Amino acid sequence: MTTTLPSPELIASFIDIVGSANALTNPADLAPYLVESRGLYKGTTPMVLRPGSVEEVSRIMKLASATRTAIVPQGGNTGHVAGQIPREGKADIVLSLQRLNRIRDIDPVGNVIVADAGCILADIQKAADDHDRLFPLSLGSEGSARIGGNLSTNAGGTAVLAYGNMRQLCLGLEVVLPTGEVWDGLRRLKKDNTGYDLRDLFIGAEGTLGVITGAVLRMFPKPLGHQVAFAGVGSVEHALALFDTASSLCGAALTGFELMPRLGVEFTAKHIPGVRDPMDTVHPWYALIDISTSDSAESAERMVHELLEQGIVAGLVENAVIATSEEQRKALWHMRESMSPAQKPEGGSIKHDVSVPVSSIPSFMKEADAAVMRAMPGARICSFGHMGDGNIHYNISQPVGADKQAFLDRWREMNAIIHGIVAKYNGSISAEHGIGQLKRDELVEVRSPIEIELMRRIKHAFDPAGIMNPDKVLRAD
Ligand SMILES: Cc1cc2nc3c(=O)[nH]c(=O)nc-3n(C[C@H](O)[C@H](O)[C@H](O)COP(=O)(O)OP(=O)(O)OC[C@H]3O[C@@H](n4cnc5c(N)ncnc54)[C@H](O)[C@@H]3O)c2cc1C
């Protein structure tokens, strides 16, 4: 595999495929493709290729395969584990899917949308909406993240509780293999038990097995009723009990159940323009509850009132507000989605994206909080997340006045503490963000040798030359 700069002839051959306007080599043009939003990784590359067709992607991969040139697929570059960033000091070529951004077909009766992998998530949501349908994947990064990236990270987001993550939202894929061969698996079938599920291998593979170029995505009828409530609760235990009540009462209509700490609400109100604490009372924890119903607007309204009433009577809900307009619903979700960015002005933040069985969340949080405070007195724990999915973003902000770099230098130590507790609960060190470069060396510690060996064999079967996003997920041999 090429680790030194490709020869001028090879560079010229790649340029020939996409045309000079779509082959970036100027350092200023390359710069945005080499850094990620958290600023933890910075890569190097001789060039960024921006193909405009599946055929061009195929020709690029054929040439890369023949010359053993490493290729790093990139969508919207919003990934949190640096899978999309080329390795530092190597000569990986970035393959940007930005220009493959056409919606190929929409079938409202079959409830599917067929799209190029470079389509922006928000554009897919809008296309579904224009056809009176819902594409339910929703993330804070939806204005930039692209479908190929969503699929390759098996993205989760805010509606997993009701609709599942990206794996559940995809029926078929089109993939260019490392050899340049094209696998057309753009099937629109809900039921298809014909051998090994190749689609499921590419979803969540973080670009290490092939380049996704197109997908068949599932749409849903638009809900008729939608209610969002924000409830102050006294403890994580009470939040869990409220979640249990909500699940029984709402069933499939419970679309989201998010947990937020007081500190997170304070951070967002202080740092995010337009966000304010919706209550005039203070509570240790908050639950954001999203209910959407398919039968009528009234049933969602009934459910949200009934839930809060039951919560108050049971002593679980201390105070609550119900959004009365779409604008207010968006504002409550905006506050939730701003939890992570609001930590930035508070200095360094050590982040975790973990999951444990839902019923273990209170004891996991108690143990984790105690261990963090023992190791780092003064640390400001700002753990929040998709409680209904058992997924907590266990983030730690630096102590007030601490040195940011000295704090960040303890990232691995804090990871070991939190991930050690996650292991006790048989949880996951990456609930929705993936492995990439950030968690690659930890993966081998948390998965059994047989699991890692099977992953290596799969990687080798698809990519024997090791050119497909090397050193991501698994260390290259
Ligand atoms: C503000 C913010 C909020 C976020 N919230 C969430 C959240 O709630 N839930 C969640 O799951 N994630 C979240 N993320 C993480 C991120 O947005 C998702 O991982 C997203 O799915 C990545 O899409 P992307 O197009 O930016 O992919 P990139 O960052 O460009 O790439 C991600 C990975 O996919 C690979 N890849 C990209 N395109 C292709 C392709 N066509 N073929 C093969 N491999 C490819 C890359 O090589 C890389 O390994 C958030 C990020 C931000 C910045």
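Residues numbered from 1 in each chain as written. Predicted model: local features only at pLDDT ≥ 70, side-chain atom pairs only at ≥ 80, totals over all residues. Heavy atoms only, no water.

At their nearest, the axes of helix H1 (residues 8-18) and helix H3 (residues 54-67) sit 9 Å apart, and the two run at 165° to each other. Comparing their axes, H3 and H1 come out roughly antiparallel. In this structure, H1 meets H3 at a crossing whose hand is right-handed. The residues of H3 that touch H1, namely those facing Leu10, Ser13, Phe14, Ile17 and Val18, are Glu56, Arg59, Ile60, Leu63, Ala64 and Thr67. (Axes fitted to C-alpha atoms, helices over the stretch in contact; angles between N-to-C directions. Helix = DSSP H or I, 4+ residues; strand = E, 2+ residues; numbered from the N terminus. Parallel < 35°, antiparallel > 145°, perpendicular 65-115°, else oblique. Left-handed = near helix turned anticlockwise from the far one by under 90°. Contact = heavy atoms within 4.5 Å.)

The subject of this paragraph is the domain arrangement of the chain. We note that the domain assignment places domain 1 (8-98), domain 2 (103-221), domain 3 (225-337) and domain 4 (347-433) within the chain. Distance between the C-alpha centres of domain 1 and domain 4: 34 Å. (Domains from an automatic or database assignment.)

Its 14 residues give helix H16 (residues 449-462) an end-to-end C-alpha distance of 20 Å, which sits within 8% of 20 Å, the value for a rise of 1.5 Å per residue. If you check which residues of H16 are buried, you get Ile452, Lys459 and Phe462. Down the axis of H16, the buried set is contained in an arc of 95°. They therefore lie on one face. Pointing more than 90 degrees away from the buried face of H16 are the exposed residues Pro449, Ile450, His460 and Ala461. Among the structural elements, helix H7 (198-202) and helix H15 (440-446) are those in contact with the buried residues of H16. (Expected span 1.5 Å × (residues − 1). Buried < 20%, exposed > 50% of the residue type's maximum accessible area, 1.4 Å probe, protein only. Arc of directions from axis to C-beta.)

The tally for this structure, following the rule as stated, stands at 7 aromatic pairs. For the pair tryptophan 183 and phenylalanine 202, a centre-to-centre distance of 5.9 Å together with 25° between the ring planes defines the contact as stacked. On the criterion of sequence distance, the pair formed by tryptophan 183 in strand S9 (residues 182-185) and phenylalanine 202 in helix H7 is long-range, its members being 19 residues apart. Residue classification places tryptophan 183 among the buried residues on the basis of a relative accessible area of 18%. Relative accessible area serves as the criterion here: at 3%, phenylalanine 202 is assigned to the buried category. Taking 6.1 Å as the distance between ring centres and 70° as the angle between the ring planes, the aromatic pair formed by phenylalanine 364 and tyrosine 394 counts as edge-to-face. Here phenylalanine 364, found in helix H12 (residues 361-375), pairs with tyrosine 394, found in strand S19 (residues 391-397); they are 30 residues apart in sequence, far enough to count as distant. (Phe/Tyr/Trp six-rings, centres within 6.5 Å; stacked < 30°, edge-to-face > 60°.)

Looking now at the nonpolar core. In this structure, Leu242, Ile289, Ile291, Phe364, Met365 and Tyr394 are the most contacted members of the largest nonpolar core, which totals 48 residues. When residues of this core are traced back to their parent elements, those giving at least two are strand S12 (225-233), helix H8 (236-250), strand S13 (254-261), strand S14 (285-293), helix H10 (297-313), H12, S19 and helix H14 (411-424). The biggest single contributor to this core is H8, with 7 residues. When residues of this core are assigned to domains, at least three map to each of domain 3 (225-337) and domain 4 (347-433). Not counting the four nearest positions on each side in its chain, tyrosine 394 is found in contact with Ile350, Lys351, His352, Phe364, Met365, Ala368, Asp369, Val372, Ile381, Ser383 and Ile418. Formed by 34 residues, the second largest nonpolar core is a distinct cluster that contains Tyr163, Val175, Ile203 and Phe220. (Core = buried A, V, L, I, M, F, W, Y, C linked by side-chain atoms within 4.5 Å.)

Tallying each qualifying case throughout the model produces 0 disulfides. Of all cysteine sulfurs in the structure, the one in cysteine 170 sits closest to cysteine 119, which takes part in no disulfide; the separation is 13 Å. The buried category is assigned to cysteine 119, whose relative accessible area is 2%. Note on cysteine 170: relative accessible area 2%, which makes it buried. (Disulfide = S-S within 2.5 Å.)

The strand order S1-S2-S4-S3 describes an open sheet built from 4 strands, whose pairing is mixed. Where the open sheet ends on each side, the last strands, each with one partner, are strand S1 (23-24) and strand S3 (71-74). With 4 bridges joining them, S3 and strand S4 (residues 93-96) adopt parallel strand pairing. Following the sheet pairing, glutamine 74 is matched in S4 by serine 96. (Pairing = 2+ DSSP bridges.)

What follows deals with the packing of H8 against H12. Where H8 meets H12, the axes come as close as 9 Å, and the angle between the chain directions of the two elements is 160°. Relative to H12, H8 is oriented roughly antiparallel. Crossing hand, H8 versus H12: right-handed. Where H8 abuts H12, its residues Val236, Glu237 and Leu240 lie against Ile361, Pro362, Met365 and Lys366.

Now for the site of the ligand. Around the ligand, 33 residues are found, and the nearest of them are Pro73, Gly75, Thr78, Gly79 and Ser141. Contacts to the ligand include glycine 156, whose backbone N or O atom sits 2.9 Å from an oxygen atom. Considered on its own, the ligand offers 970 Å² of accessible surface; in the complex 91% of this is hidden by protein. Elements represented by at least two residues in the shell around the ligand include exactly S3, helix H5 (147-152) and strand S10 (211-218). The leading source of residues in the shell around the ligand is H5, at 4 residues. When the residues that make up the shell around the ligand are grouped by side-chain class, the tally is 8 nonpolar, 22 polar and 3 charged. (Near = heavy atom within 4 Å. Polar contact = N/O pair within 3.5 Å; in protein donor to acceptor, adjacent residues only side chain to side chain. Areas by Shrake-Rupley, 256 points an atom, 1.4 Å probe, with all protein chains shown as cover. Nonpolar A, V, L, I, M, F, W, Y, C, P; charged D, E, K, R; others polar.)

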